[in-house]
Amino acid sequence: MKLLITIFLMINLYANEEYPRFSIIKTGTAKSLEGLIYEEGSLFKTMMVNHAGFLIQHQGKTILFETGLGEEVDYQFKNDMSWWAKPLFAYKKEQSIKKQLNNKYTIESIILSHAHWDHASGLRDFPNAKVIISKEEEHEVKHPVANRTFPTQFKDVKTQSFQWKEESYLNFKKHYDYFGDGTLIFVPLFGHTHGSLGLILNSKDKKYFFVGDAIWTTRQLRPIQNKAAISSILVDTDKELTRKKIDEIKKMQDRGFIIIPTHDYYLHNKLGLFPKWID
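Residues numbered from 1 in each chain as written. Predicted model: local features only at pLDDT ≥ 70, side-chain atom pairs only at ≥ 80, totals over all residues. Heavy atoms only, no water.

- The name given to the protein in an unreviewed UniProt entry is MBL fold metallo-hydrolase, with Halobacteriovorax vibrionivorans as the source organism.
- On record in UniProt, under Sequence similarities (unreviewed entry), the comment for the protein is "Belongs to the metallo-beta-lactamase superfamily." (UniProt positions renumbered as here; feature names shortened; annotations may be inferred.)

Right, dumping it as structure tokens:
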């Protein structure tokens with residue numbers, strides 16, 4: 001009987017390791033007018049925005065995609081955000097990922113969709129983790145644009161890049177297989193920044209596509225529409241290229257992928273927040 005129980009536990013453990021799982025960790029919120037988020041949004045209605053990171057487990061490893069608002073965000077924001085921009089990007093801080101994890105998990109790597117302040121704020125909370133960005137995104141770190149990328153967040157932080165595989169993957173001309181087993185794939189989503197990337201997660205029964213800030217809300221996919229014009233000017237490196245990436249994201253949705261923008265408050269709540277795991 002003990003042998004059967006042992007075999008069952010081993011089979012169950014192997015099954016759980018075969019595919020990744022993830023959890024959405026909310027670190028803060030913001031409130032904005034719809035009309036400042038997406039083109040067809042109303043200037044008379046408000047909507048909520050999440051500042052979040054995504055905890056991913058696979059092959060016995062725990063990684064973060066995005067860091068949300070970190071322990072030092074108030075200092076970072078005060079030091080590196082221009083006075084005139086502070087009201088536009090005001091946030092309500094909740095618990096950082098570091099506090100919510102409470103040393104229960106060891107973060108091996110942190111992957112950033114891009115280097116903007118609301119994605120990289122928690123880097124310094126995990127000094128032993130590898131920080132991975134695309135080669136193209138190194139430009140954002142070395143040449144930070146005011147009110148977008150904060151030098152304080154990258155102080156004493158060493159980033160690592162990876163080599164794209166110059167072979168197509170679904171709609172994309174190149175990709176990078178993080179685990180080497182087809183479960184976690186990076187793809188280029190250049191436009192919002194020089195080297196923005198998206199993360200494809202293939203679980204057992206569902207397919208997810210984490211798109212960073214290529215879109216802020218899935219409302220931009222019905223119909224396809226860009227960010228609000230003034231907001232795009234403030235945050236997007238290449239507005240036209242960003243618009244083209246929305247078309248690619250919509251194609252992924254049509255393929256059956258669940259699209260997950262980093263800031264989509266309503267989608268995150270629908271899927272469920274940490275400590276809930278999604279697989």
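## Section: the overall build of the protein
Here is step 1 of the chain: When helices and strands are tallied, the protein shows 8 helices and 12 strands.
Here is step 2 of the chain: For the protein, the C-alpha radius of gyration of 19 Å lies close to 19 Å, the compact-globule estimate for 279 residues.
Here is step 3 of the chain: In terms of overall dimensions, the protein has a C-alpha envelope of 70 × 40 × 40 Å along the principal axes.
Here is step 4 of the chain: Of the contacts made within the protein by residues no fewer than 6 positions apart, 67% connect residues no fewer than 24 positions apart.
Here is step 5 of the chain: With the model as given, the accessible surface of the protein reaches about 13600 Å², and the carbon-plus-sulfur share is 53%. (Helix = DSSP H or I, 4+ residues; strand = E, 2+ residues; numbered from the N terminus. Rg over C-alpha atoms; globule rule 2.2 N^0.38 Å. Contact = heavy atoms within 4.5 Å. Areas by Shrake-Rupley, 256 points an atom, 1.4 Å probe, with all protein chains shown as cover.)

## Topic: the sheet that holds strand β5 (residues 109-111)
Here is step 1 of the chain: Spatial ordering of the open sheet is given by β4-β1-β2-β3-β5-β6-β7, a layout of 7 strands whose pairing is mixed. Two strands close off the open sheet at either side, each with one partner strand: β4 (92-93) and β7 (159-160).
Here is step 2 of the chain: Relative to β4, strand β1 (residues 21-33) runs antiparallel, the two being bridged by 2 bridges. Within the sheet, the bridge partner assigned to Thr29 lies in β4 and is Lys92. (Pairing = 2+ DSSP bridges.)

## Brief notes about the nonpolar core
Here is step 1 of the chain: Residues Phe22, Phe186 and Phe210 are the most contacted members of the largest nonpolar core, which totals 25 residues.
Here is step 2 of the chain: When residues of this core are traced back to their parent elements, those giving at least two are β1, β2 (46-58), β3 (61-65), β9 (184-188), β10 (197-202), β11 (207-210) and α8 (265-271).
Here is step 3 of the chain: Counting residues in each nonpolar core, the second largest holds 19 residues, with Leu55, Leu64, Leu101 and Phe274 among its members. (Core = buried A, V, L, I, M, F, W, Y, C linked by side-chain atoms within 4.5 Å. Buried < 20%, exposed > 50% of the residue type's maximum accessible area, 1.4 Å probe, protein only.)

## Quick notes on the UniProt feature "domain: Metallo-beta-lactamase" (unreviewed entry) in the protein
Here is step 1 of the chain: The UniProt record marks residues 50-263 with the feature "domain: Metallo-beta-lactamase" (unreviewed entry), using the residue numbering of this structure.
Here is step 2 of the chain: Structurally, residues 50-263 is divided into 21% helix and 21% strand, and its ends, taken at the C-alpha atoms, are 5 Å apart.

## Points about helix α7 (residues 239-254)
Residues spaced three or four apart along an α-helix point in a common direction, a consequence of the helix completing one turn every 3.6 residues.
Here is step 1 of the chain: An ideal rise of 1.5 Å per residue puts 22 Å on 16 residues; α7 measures up with 23 Å between its terminal C-alpha atoms.
Here is step 2 of the chain: Within α7 the residues assigned to the buried category are Thr242, Lys245, Ile246, Glu248, Ile249, Lys250 and Met252.
Here is step 3 of the chain: Residues of α7 that are buried sit in contact with β9, β10, β11 and β12 (258-260).
Here is step 4 of the chain: Here α7 starts with a cap whose side-chain oxygen sits 3.2 Å from the backbone nitrogen of Glu240, and that cap is Asp238.
Here is step 5 of the chain: Looking one or two residues beyond α7, the residue adopting positive phi is Gly256, at roughly 105 degrees. (Expected span 1.5 Å × (residues − 1). Polar contact = N/O pair within 3.5 Å; in protein donor to acceptor, adjacent residues only side chain to side chain.)

## Topic: the packing of aromatic side chains
Here is step 1 of the chain: Here the structure, examined in full by the defined rule, presents 19 aromatic pairs.
Here is step 2 of the chain: Grouping aromatic residues by their ring pairs yields a cluster made of Phe162, Trp164, Tyr176, Tyr178, Phe179, Phe186 and Phe190.
Here is step 3 of the chain: The residue whose ring lies beneath Arg21 is Trp277, and the NZ or CZ to ring-centre distance is 3.8 Å.
Here is step 4 of the chain: The ring of Trp216 carries the charged tip of Lys227 above its face, separated from the ring centre by 5.3 Å. (Phe/Tyr/Trp six-rings, centres within 6.5 Å; stacked < 30°, edge-to-face > 60°. Lys NZ or Arg CZ within 6 Å of the ring centre and 35° of its normal.)

## With respect to helix α2 (residues 73-80)
Here is step 1 of the chain: Taken together, the buried positions of α2 are Val73, Gln76, Phe77 and Asp80. Around the axis of α2, the buried residues are gathered within 95 degrees of arc, so they sit on the same side.
Here is step 2 of the chain: On the buried face of α2, the contacting elements are β4 and α4 (117-120). (Arc of directions from axis to C-beta.)

## Topic: the side chain of Ser109
Here is step 1 of the chain: You can see Ser109 is positioned in strand β5.
Here is step 2 of the chain: At 3.0 Å, the side chain of Ser109 and the side chain of Tyr178 are in polar contact.
Here is step 3 of the chain: Not counting residues within four places of it along the chain, the set of residues in contact with Ser109 comprises Thr62, Ile63, Leu64, Ala129, Lys130, Ile132 and Tyr178.

## What about the environment of Thr237?
Here is step 1 of the chain: Position of Thr237 among the secondary structure elements: in the loop between α6 (229-235) and α7.
Here is step 2 of the chain: Expressed as a C-alpha distance, the spacing of Thr237 and Met47, which sit 190 residues apart in the sequence, is 24 Å.
Here is step 3 of the chain: Setting aside its immediate chain neighbours within four residues, Thr237 contacts Glu140, Arg148, Gly191, His192, Thr193 and His194.

## Structural notes on the sheet that holds β12
Here is step 1 of the chain: Ordered by their spatial adjacency, 5 strands build an open sheet running β8-β9-β10-β11-β12, and the pairing between neighbours is mixed. Among the strands making up the open sheet, the edge pair consists of β8 (176-177) and β12.
Here is step 2 of the chain: Contacts between α7 and the sheet are confined to β9, β10, β11 and β12, with β12 contributing the most and set at about 140 degrees to the helix. (Axes fitted to C-alpha atoms, helices over the stretch in contact; angles between N-to-C directions.)

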